[in-house]
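# Coordinate inspection notes
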Amino acid sequence: MAKKSSYISNRETAKITRRNRQITRRLEKERKRKNVPESVYKTKMKDNNNVVEFDNVCSYFFTDIGVVKAVDGISFEVPKCSTVGIVGESGCGKSVTSLSLMQLLQRPSGQTVGGEIRLNIDGDGDAINIVKTPTSVMQNIRGNKMSMIFQEPMTSLNPVFRIGEQVNEVIKLHNPEMSKEDIKSRTLEMLELVGIANKEGVYEMFPHELSGGMRQRVMIAIALACRPSLIIADEPTTALDVTIQAQILDLLKGLKEKVNSSIMLITHDLGVVANMADYVVVMYAGRVIEKGTTRDIFSNPCHPYTIGLMKSKPVVGKKVDELYNIPGSVPNPVNMPDYCYFRDRCEYTCDKCRNKEAGFGNYPPEIKISDTHVVSCYRFYDEGQVMGYPNPVNVEDL
Amino acid sequence: MANENTNINTNADTETLSEDVLVVRDLKKYFPTAKNFFGKPLGFVKAVDGVSFTIKRGTTMGLVGESGCGKSTTGRTLLRLQEKTSGEVLFNGIDIFELKKEELRKLRPKIQIVFQDPFSSLSPRIPVGEIIGEAVREHGIVPPEEYDDYITRIMKACGLQEYHKDRYPHEFSGGQRQRICIARALALNPEFIVCDEPVSALDVSIQAQIINLLKELQEQFGLTYLFISHDLSVVEHISDTVGVMYLGNMVEYAETGELYANPLHPYTKALFSAIPIPDPDAQMNRIILEGSIPSPANPPSGCKFHTRCSECMEMCKYCQPEYREITPGHFTACHLFNTPEMNAKFEAESKAAADKEKADEKDKVGR
Ligand SMILES: Nc1ncnc2c1ncn2[C@@H]1O[C@H](COP(=O)(O)OP(=O)(O)O)[C@@H](O)[C@H]1O
Ligand code: SF4
Ligand code: SF4
Ligand SMILES: [Mg+2]
């Protein structure tokens, strides 16, 4: 509904804009620096079995109505050869998470201002911290180490080039030494890998000649062309019909085994996650509120938001009289409360959620309730092991 | 199905409040694809190609199928938002396509539609109170002195507050805009509402709010819905009966419980098995359909599903299956459920067609 913040005065807006420009300019300059010593961005993985580790990552948008903390202190990891599903409703920060990892946030207003994103680069535990990696180095990482599949393949395919040329292009970019013939045969091999039966025909076609499902297959072929260790799929099947969605999900599942990559699967569809993922990360208002194995999350959802989300979705074959609906709405992103972001909608609040005198009542910490299951909710404060609090960046210090 | 209902509906012509609010018989809607030099169409997209069903008062019929199968076109045509190609649509026994302009204008408030996209269907420069009230005044739904109270009441019923009247659509979230659209339809005191993907653009938790609202309003005002959606779980939740469409045809229809427990048509089965279930332990016996959905401008011959059907028989390629009642209230169009006599007939027909095809082929090669 109506955002109070949209009624701020012109003078205030001008002030915010000026301040934003100062900050983003400096951050941009830093990112564009040449000859950055490796020591700035080289680091070590915490656990060599992970492909990526997000560690208190903060990505903010500096807008005219204030700083939108789209992702604010999130931590989770993607283990090797596994699929991690990231779920949440629109605007909760799923896409910003993946774009931060690719350094593809809309700049200059969007900036990753804090935390570490460690990407395993050689399997020996040597990592780079994407947050500090300069643009010039990043270009090499994208496509080679990780690549991305979007919801609407038509926007990422160039309408005036044939499919074959577009796949060739990507392979050539990352393997400049390869001969023309080798590139073509590699392209055909990729098209076959993603289940395109008529690969020679499709090689000669233009994107508009293909159906939505076929285009998404081509996008997957492009993403796989350089054998990345991580594929980021952002709502890859949302624009597709159910029977075509089933084909694509089936393909992704099979590919993971064939090419040894991990998948970071971003979706709002709990059904898709349950079928595809090994681990699930649930996001709400820019924070991770619960994470664990798929079994943890679906058989034992613990955060009141996760519980509400599961109850509000009708499930085929399980008839209920009335769907549960989570009361209220997500808090205003430029003016987040200093307590649990879900408290105003929560039906489970306990004393600790409010009791500031006793040292609680702030945003709840991450609490480990089993080896694999972590939840950010005070209800588990006494039974679980407190891991730490999300640590936002103070914009004044930037 | 059309035949069984004929008697009831001849009565309905005289008695306006029959049990069947809506009867659709063999409705077709073709769109011309291109025109030649003289403005004559060269081909047609058969968006709706012979669809029949009946909706009882106070119930919801769900209409499911994948994009381009003709769900929306069915919804829009039966409200006469566009002209039909052929067939009949009876609303309370009155043929909507027989009505004169003025008669249709009078009927309009009774038959309403709510669209998927609450963003583009609300004009940005009109305050919400006016959006909801405009047509109420135009049609004189309530006496002028009751107007204000009436609008407030309708808004309350849809979960909106009185002070929202002076706000503009852009100040509202997606879910609340959909409430505005529903209030606008409801204010005209309709009997029948077509809901075309009303929750598809909304987040799960907001979807639940809107679905619950639609159900409440149905009880309170005795509304009848045609609920169009590609989301089979939402349709199961809200509908009493469900029709499944594929490329312009109704391929199966039954009561919701029966259809979901016992789907007959191979397409329905594949569609159901493709829904991802939010339970990692769910046994998935996925039927993964091959290929994409053919274009409705150039649909396959015979059974339109035969190019993707794993149970396709020879006759399926040449003969269109008959849409008929297999068990009481459960209709489907598939050769697997033919009677022996029908099988004999279709086998002969398909053999003749196949022979002719071979002969033509030879002809071509010979030349
Ligand atoms: N005004 C139109 N002109 C030409 N073709 C149309 C028009 N409206 C719909 N169609 C075609 O009719 C078919 C059915 O469309 P539609 O009813 O919108 O499907 P659905 O709602 O099931 O997605 C589609 O192939 C669509 O392209
Ligand atoms: S911390 Fe308290 S308010 Fe927040 S989700 Fe848990 S119980 Fe609810
Ligand atoms: S008629 Fe034949 S092709 Fe069509 S659905 Fe039935 S078995 Fe399959
Ligand atoms: Mg539609």
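Residues numbered from 1 in each chain as written. Chains lettered and ligands numbered in written order. Predicted model: local features only at pLDDT ≥ 70, side-chain atom pairs only at ≥ 80, totals over all residues. Heavy atoms only, no water.

## Thoughts on the overall build of chain A
- What chain A contains, in helices and strands, is 12 helices and 14 strands.
- Taken against the 2.2 N^0.38 rule, which gives 21 Å for 398 residues, the C-alpha radius of gyration of chain A at 22 Å falls within 12% of a compact globule.
- Taken over the C-alpha atoms alone, chain A extends approximately 70 × 55 × 45 Å along its principal axes.
- A total of 398 residues make up chain A; the buried ones form 55% of that total.
- Once local pairs closer than 6 in sequence are excluded, the contacts in chain A between residues at least 24 apart make up 67%.
- Carbon and sulfur atoms make up 48% of the accessible area of chain A, which amounts to about 18,000 Å² in all.
- Of note, chain A has its 51 positive side-chain charges centred 6 Å away from the centre of its 48 negative side-chain charges. (Helix = DSSP H or I, 4+ residues; strand = E, 2+ residues; numbered from the N terminus. Rg over C-alpha atoms; globule rule 2.2 N^0.38 Å. Buried < 20%, exposed > 50% of the residue type's maximum accessible area, 1.4 Å probe, protein only. Contact = heavy atoms within 4.5 Å. Areas by Shrake-Rupley, 256 points an atom, 1.4 Å probe, with all protein chains shown as cover. Lys, Arg positive; Asp, Glu negative; His and termini not counted. Charge placed at Lys NZ, Arg CZ, Asp CG, Glu CD.)

## A few points about the pairing of strand E3 (residues 66-79) of chain A
Residue and element names in this part refer to chain A.
- Summarising burial for E3: 12 of the 14 residues are buried, a large majority.
- Alignment of strand E2 (residues 50-63) against E3, held across 10 bridges, turns out to be antiparallel. Looking at the pairing, Phe 61 lines up with Val 68 of E3.
- In textbook terms, the turn of a hairpin is the stretch between consecutive antiparallel strands, and for E2 and E3 this stretch comprises 2 residues. (Pairing = 2+ DSSP bridges.)

## Let's talk about the sheet that holds strand E12 (residues 366-368) of chain A
Residue and element names in this part refer to chain A.
- Pairing in this open sheet of 9 strands is mixed, and the strands run E7-E8-E9-E4-E10-E11-E13-E12-E14 from one edge to the other. Each end of this open sheet is capped by a strand with a single partner; those strands are strand E7 (146-149) and strand E14 (385-388).
- In this structure, E7 lies alongside strand E8 (residues 230-234), joined through 4 bridges in parallel fashion. Across the sheet, Ile 149 pairs through a bridge with Ala 233, a residue of E8.
- Contacting E7 and E8, helix H8 (residues 212-224) crosses the sheet at an angle of about 170° to E7. (Axes fitted to C-alpha atoms, helices over the stretch in contact; angles between N-to-C directions.)

## Observations regarding the pattern of salt bridges
- Applying the stated criterion to the full structure yields 31 salt bridges over all chains.
- Two residues, Lys32(A) and Glu28(A), come together in a salt bridge whose shortest N-O distance is 3.6 Å. Of this pair, Lys32(A) and Glu28(A) both sit in helix H1 (residues 10-32), 4 residues apart, roughly one helical turn.
- For the salt bridge of Asp49(B) with Lys304(B), the shortest nitrogen-to-oxygen distance reads 3.0 Å. In this pair, Asp49(B) is assigned in strand E2 (residues 44-56) and Lys304(B) in the loop between helix H10 (266-274) and strand E11 (323-327), connecting sequence segments 255 residues apart. Both residues of the pair, Asp49(B) and Lys304(B), count as buried. (Salt bridge = Lys/Arg side-chain N within 4 Å of Asp/Glu carboxyl O.)

## Digging into the site of ligand 1
All names here are of chain B.
- Every residue close to ligand 1 is listed here: Phe 31, Ala 47, Glu 66, Ser 67, Gly 68, Cys 69, Gly 70, Lys 71, Ser 72, Thr 73 and Pro 296.
- In the model, an oxygen atom of ligand 1 is placed 2.5 Å from a nitrogen or oxygen of the Thr 73 side chain.
- Tallying contributions element by element places helix H2 (residues 71-78) first for the shell around ligand 1, with 3 residues.
- Class assignment of the residues belonging to the shell around ligand 1 gives a composition of 4 nonpolar, 5 polar and 2 charged. (Near = heavy atom within 4 Å. Polar contact = N/O pair within 3.5 Å; in protein donor to acceptor, adjacent residues only side chain to side chain. Nonpolar A, V, L, I, M, F, W, Y, C, P; charged D, E, K, R; others polar.)

## Some remarks on the interface of chain A and chain B
- If you look at the interface, chain A gives 42 residues, while chain B gives 44 residues.
- Viewed at the interface, chain B and chain A are joined by 2 salt bridges.
- The partner of Arg295(A) in a salt bridge is Asp281(B), with the nearest N and O atoms 2.6 Å apart.
- At the surface where chain A touches chain B, the tally comes to 17 residue pairs in polar contact (both at pLDDT 80 or more).
- At the level of elements, helix H9 (242-259), helix H10 (270-276), helix H11 (294-299) and helix H12 (304-312) of chain A are the ones that each hand at least two residues to the side of chain A that touches chain B.
- At 7 residues, the largest contribution of residues to the side of chain A that touches chain B is made by H9(A).
- Residue classes in the side of chain A that touches chain B are distributed as 18 nonpolar, 13 polar and 11 charged.

## Points about the packing of H8(A) against H9(A)
Residues and elements named next belong to chain A.
- Direction vectors running N to C along H8 and H9 enclose 15°, while the axes themselves pass 10 Å from each other. With respect to their mutual orientation, H8 and H9 come out roughly parallel. The hand of the H8/H9 crossing is right-handed. Counted together, Gly 213, Gln 216, Arg 217, Ile 220 and Leu 224 of H8 and Ile 244, Gln 247, Ile 248, Leu 251, Leu 252, Leu 255 and Val 259 of H9 form the full contact between these two elements.
- A class-by-class count of the residues in the contact of H8 with H9 yields 8 nonpolar, 3 polar and 1 charged. (Parallel < 35°, antiparallel > 145°, perpendicular 65-115°, else oblique. Left-handed = near helix turned anticlockwise from the far one by under 90°.)

## With respect to a positive patch on the surface
Residues and elements named next belong to chain A.
- Taken together, the side chains of Arg 11, Lys 15, Arg 18, Arg 21 and Arg 25 define a basic patch exposed on the protein surface.
- Assignment of secondary structure puts Arg 18 in helix H1.
- Taking relative accessible area as the criterion, Arg 18 reaches 53% and is therefore assigned exposed. (Patch = residues over 30% accessible without salt bridge, like charges linked within 9 Å, V, L, I, M, F, W, Y side chains within 5 Å.)

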